[in-house]
Amino acid sequence: MSNTDPAPAEVACAPSPFTGVLHPREVPLGGPRAIRVRRTLPQRERSLIGAWCFADHYGPHDLRGNPGGMDVPPHPHTGLQTVSWLFTGEIEHRDSAGVHAIVRPGELNLMTAGAGICHSEISVISGPASTVLHGVQLWVALPDADRDTDRDFAHYAPPPQSLGDSTIRVFLGELADARSPVNTFTPLLGAQLDLDPGAELTLDVDRTFEHGVLLDQGSVDVAGTTLDVADLAFQAVGCDQLSIVNRGGGPARVLLLGGTPFPEQLVMWWNFVGRSHDDIATYRRQWQDHDSRFGSVAGYTGATTRLPAPPLPHATLRPRPNQTL
């Protein structure tokens, strides 16, 4: 997914002492008739949870009432991985590594941009079960040693596992004896947790990880704090348990994200992750010049063949020093 803000702000990605709840802001995706997404990462209070550096939550959108749905033309990425995770609906993915895939509910689709890639995403309706689009798009920053790695794509459908009055699906990392086989470049955790009404779930977690709990539906308390839909609760390193309680009368669903604190200074602007202003300026110029760094997407038939990059701000993009937690 692209960051389609017409004037994206510089984001100097660094940990901070913040512990609490991040509230989302709404952002249009794809033009004046676009669907709207709820963005919780990055924010001023916190730009990273582990290597997770971007989180958009969207839907449920009934595509029968919005024929445009999601239609994001080919756009570039550098220095990151994109994680697509759906609750309902389907998205057609095409990228310049030659991958053509359908993203379906409960199935991880992880694209590695590395030195550069471009891709497109379109919501599709294949039957009654795919008429409602609902999911998340996440980005993971790559460490400096791996940020120029080759383009890649991984798919994994994690089996559901019962845990008391809850069901977990671990799509990255390890939790409660469930482990994903998908390789990551830094220690990460990504899981969907479905909680029955009244369920109280206490998870043993890695105390070296930061953790975030994103509420998709229902009403839950995390460490005693009640979340609204699309809120993201943050728990700092040093905790070996995480408590989630469903106090609502219906089922609840959350995503659990985690990882070791990312030790490097990053600059993230538009769809690029780099280490300096010059990195970002180079990526932007190469994308505008149709440089081979990003390749091209075959088979996309939208009205706009590729997203142009916004102008750079009239200031030098600078990383900030990481703060001590």
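An unreviewed UniProt entry lists the protein under the name Pirin, with Mycobacterium gallinarum as the source organism. In its Sequence similarities (unreviewed entry) section, UniProt records this for the protein: "Belongs to the pirin family."

Undergrad: Even after reading the chapter, I still don't get the overall build of the protein, so can you show me in this structure?
TA: The number of helices and strands found in the protein is one helix and 27 strands. Considering the protein as a whole, with its 325 residues, one finds that 56% of them fall into the buried category. The long-range share in the protein, meaning contacts at least 24 apart out of those at least 6 apart in sequence, stands at 73%. Carbon and sulfur atoms make up 48% of the accessible area of the protein, which amounts to about 13100 Å² in all.

Undergrad: Can you walk me through the pairing of strand β19 (residues 200-204) in this structure?
TA: Two faces belong to every sheet, and in a regular strand the side chains alternate between them. Where burial is concerned, the two faces of β19 differ: the one with L201 and L203 is buried and the one with E200, T202 and D204 is not. With five bridges joining them, β19 and strand β24 (residues 241-246) adopt antiparallel strand pairing. In the strand pairing of β24, L203 is matched with L242.

Undergrad: Please clarify how the nonpolar core should be interpreted in this entry.
TA: Soluble globular proteins tend to pack their nonpolar side chains together in the buried interior. Residues W52, V83, L108, F171 and L172 are the most contacted members of the largest nonpolar core, which totals 38 residues. Elements with a contribution of two residues or more to this core: β5 (52-62), β7 (80-88), β10 (108-112), β12 (132-141), β15 (166-172), β23 (232-235), β25 (252-259) and β26 (266-269). No other element matches β12, which puts five residues into this core. Residues contacting F171, with those up to four places away along its chain left out, are W52, V83, W85, L108, Y156, P158, S180, V182, G190, A191, Q192 and L255. Core analysis: the second largest hydrophobic core is formed by 27 residues, Y58, W270, F294 and V297 among them.

What counts, and where the lines are drawn
- Residues numbered from 1 in each chain as written.
- Predicted model: local features only at pLDDT ≥ 70, side-chain atom pairs only at ≥ 80, totals over all residues.
- Heavy atoms only, no water.
- UniProt positions renumbered as here; feature names shortened; annotations may be inferred.
- Helix = DSSP H or I, 4+ residues; strand = E, 2+ residues; numbered from the N terminus.
- Buried < 20%, exposed > 50% of the residue type's maximum accessible area, 1.4 Å probe, protein only.
- Contact = heavy atoms within 4.5 Å.
- Areas by Shrake-Rupley, 256 points an atom, 1.4 Å probe, with all protein chains shown as cover.
- Pairing = 2+ DSSP bridges.
- Core = buried A, V, L, I, M, F, W, Y, C linked by side-chain atoms within 4.5 Å.

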